[in-house]
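Fold and geometry: a report
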Amino acid sequence: MKLSNQEYLRKLDCLENENELYTILVGGVPIWRLIRFDYRTKYLKNKTGFTNKTTQRKIAFSYIIIQFVISFYDILRVVLLRNKNMVLFLAFPRLDLKDEVYFDKFTDPILNKITRNHNTHIFQRSLGGFYKSPRLNSNQTSKTDSILYLSKLMSIFFFPVFFMIYYSKLKRLRFKISKIYKIENFFTIKIPLILGEFIISRYLYRLIFFSLNVNHIFLVSRSVFIPQIVAAHDLNIPVYELQHGATLAESALYTGPYNKKIDADLFLCFGEMWVGEQFGLPLSQVKNIGWALKDDPSLYKGVVENPKRLLFISYPAITSKIISVIKSLSSNNKYFTFVLRLHPQEALSGSQQKDLETLSNVRVEDYTINLQESILESKVVFGDKSTVLYEALSLGKT
């Protein structure tokens, strides 16, 4: 009998603990936590067909160089300003668009509620190497990809050092991982590079946070900001993680034992229904703060509901299923317009695009169109285990 993703994750969690994958540490951090998500998603893809990404984007080397220089200048500028008592926001890489301005729907609404008695600043990481502009609160935003690229380059340069220093630990880790997961042929090259990048990035961010006299850090998605979280904890800076997705049970991202060095001090939820241990923190460290974005009055300005508009929310793991549902419903309900909204990491195949193009009352909506406006314009919102459904409920939709 085929197991669900959650059932496989429960099994993997037990096996990882039984085989003591979390016991091999570097600076108090389990090396397994740096690579766990990648191994789990590949395992699930092989077992259930699970996927969290179907898009591919190419980036020009010249663009990387330009952004490196801009980012380096941004970091240097904010460090030299030497503001005190800073509240730092590590924004979500994927930004939303409203009125031709990009913003982070998780951190920007909270930042805008903070009184000007506090110094606030945003560290913005790119999405796949690309930055969006113009950005809300750009006057207090620094691009951070220079730290990422510098850490990668230095990990390559010092590869022999990391390889020799951590050889015995990585050998033991490989043996333990091989009892559960398939090991790549290039494991002995890949993992020292990942570990080296983490160590260097941790050190650089520790210097930056100390120079900025950071008092508090808010971030979105701990897997994106592991070096920053560890660097903050090195300096006893509290870290608050904002919920960014619908997590009801076991997940490749969160399931596993809590580690005070690499996990946030508090996990801040959208609402009371989300408070639980599914985010990998003790229940006492999971708090409800609500959904700040819905309190923004400009969100509703000029948006009128279209009674014929039905919005369908997709993501990579359900693309085929939701297209099948839309094709079936649209052929018998010409009164309605069926709008398929793709996930930012989701792309349609050529055959899927052709199938939808033949349906006159179906259209595909690009993820860059403001999500909240799209929800408010729709009569009903459909989906499966998507955060967007809960956003729709908070905005009064069914």
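What this report covers is the structure whose coordinates are included nearby. (Residues numbered from 1 in each chain as written. Predicted model: local features only at pLDDT ≥ 70, side-chain atom pairs only at ≥ 80, totals over all residues. Heavy atoms only, no water.)

**Re helix α9 (residues 226-234)**
Judged by how many residues are buried, α9 sits mostly within the fold: eight of nine residues are covered. Of all the positions in α9, only I226, P227, Q228, I229, V230, A231, A232 and H233 are classed as buried. Tucked into the core, α9 has its buried residues touching β2 (29-30), α2 (31-48), β3 (86-91), α8 (187-212), β8 (214-220) and β9 (239-242). Downstream of α9 by a residue or two, N236 has a phi angle that is positive, lying close to 60°. (Buried < 20%, exposed > 50% of the residue type's maximum accessible area, 1.4 Å probe, protein only. Helix = DSSP H or I, 4+ residues; strand = E, 2+ residues; numbered from the N terminus. Contact = heavy atoms within 4.5 Å.)

**Here's the deal with helix α13 (residues 387-394)**
If you check which residues of α13 are buried, you get T387, V388, L389, E391 and A392. The inward-facing, buried residues of α13 contact β12 (306-313), α12 (371-377) and β15 (378-382).

**Quick notes on a nonpolar patch on the surface**
Taken together, the side chains of F157, F158, V161 and I165 define a hydrophobic patch exposed on the protein surface, amounting to about 410 Å² of accessible area. As for its placement among the helices and strands, F158 is situated in the loop between α5 (145-157) and α6 (159-165). Look at F158 and you get partly exposed, because its relative accessible area is 34%. (Patch = residues over 30% accessible without salt bridge, like charges linked within 9 Å, V, L, I, M, F, W, Y side chains within 5 Å. Areas by Shrake-Rupley, 256 points an atom, 1.4 Å probe, with all protein chains shown as cover. Salt bridge = Lys/Arg side-chain N within 4 Å of Asp/Glu carboxyl O.)

**What about the packing of α5 against α8?**
The contact between α5 and α8 brings their axes to 8 Å, and the two run at 135°. Comparing their axes, α8 and α5 come out oblique. Read as a crossing pair, α5 and α8 show a hand that is right-handed. Residues I147, L148, L150, S151, K152, M154, S155 and I156 of α5 form the contact with α8, whose own contacting residues are L193, G196, E197, I200, S201, L204, Y205 and I208. Across the contact of α5 with α8, the residue classes break down as 10 nonpolar, four polar and two charged. (Axes fitted to C-alpha atoms, helices over the stretch in contact; angles between N-to-C directions. Parallel < 35°, antiparallel > 145°, perpendicular 65-115°, else oblique. Left-handed = near helix turned anticlockwise from the far one by under 90°. Nonpolar A, V, L, I, M, F, W, Y, C, P; charged D, E, K, R; others polar.)

**A look at the pairing of strand β14 (residues 362-365)**
Relative to β14, strand β13 (residues 337-341) runs parallel, the two sharing four bridges. Looking at the pairing, V339 lines up with R363 of β14. Viewed along the sheet, the connection from β13 through helix α11 (residues 350-357) into β14 turns out right-handed. (Pairing = 2+ DSSP bridges. Right-handed = clockwise from strand over helix to strand, strands pointing away.)

**A closer look at the sheet that holds β14**
Spatial ordering of the open sheet is given by β14-β13-β12-β15, a layout of four strands whose pairing is parallel. If you trace the sheet from one side to the other, it starts and ends with β14 and β15, each paired once. Mean inter-strand twist for the sheet, computed between neighbouring axes without regard to direction, equals 25°. Bridging between β12 and β15 involves four bridges; their strand directions are parallel. Along β15, the bridge assignment pairs N306 with S378.

**Digging into the nonpolar core**
Core analysis: the biggest nonpolar cluster contains 54 residues, and W32, F123, I177, I208, F209 and I217 have the highest contact counts within it. Of all the secondary-structure elements, those providing two or more residues to this core are α1 (5-18), α2, α3 (61-81), β3, α7 (167-178), α8, β8 and α9. When residues of this core are assigned to their parent elements, the largest contribution, 10 residues, is made by α8. Formed by 27 residues, the second largest nonpolar core is a distinct cluster that contains F89, F106, L111 and L293. (Core = buried A, V, L, I, M, F, W, Y, C linked by side-chain atoms within 4.5 Å.)

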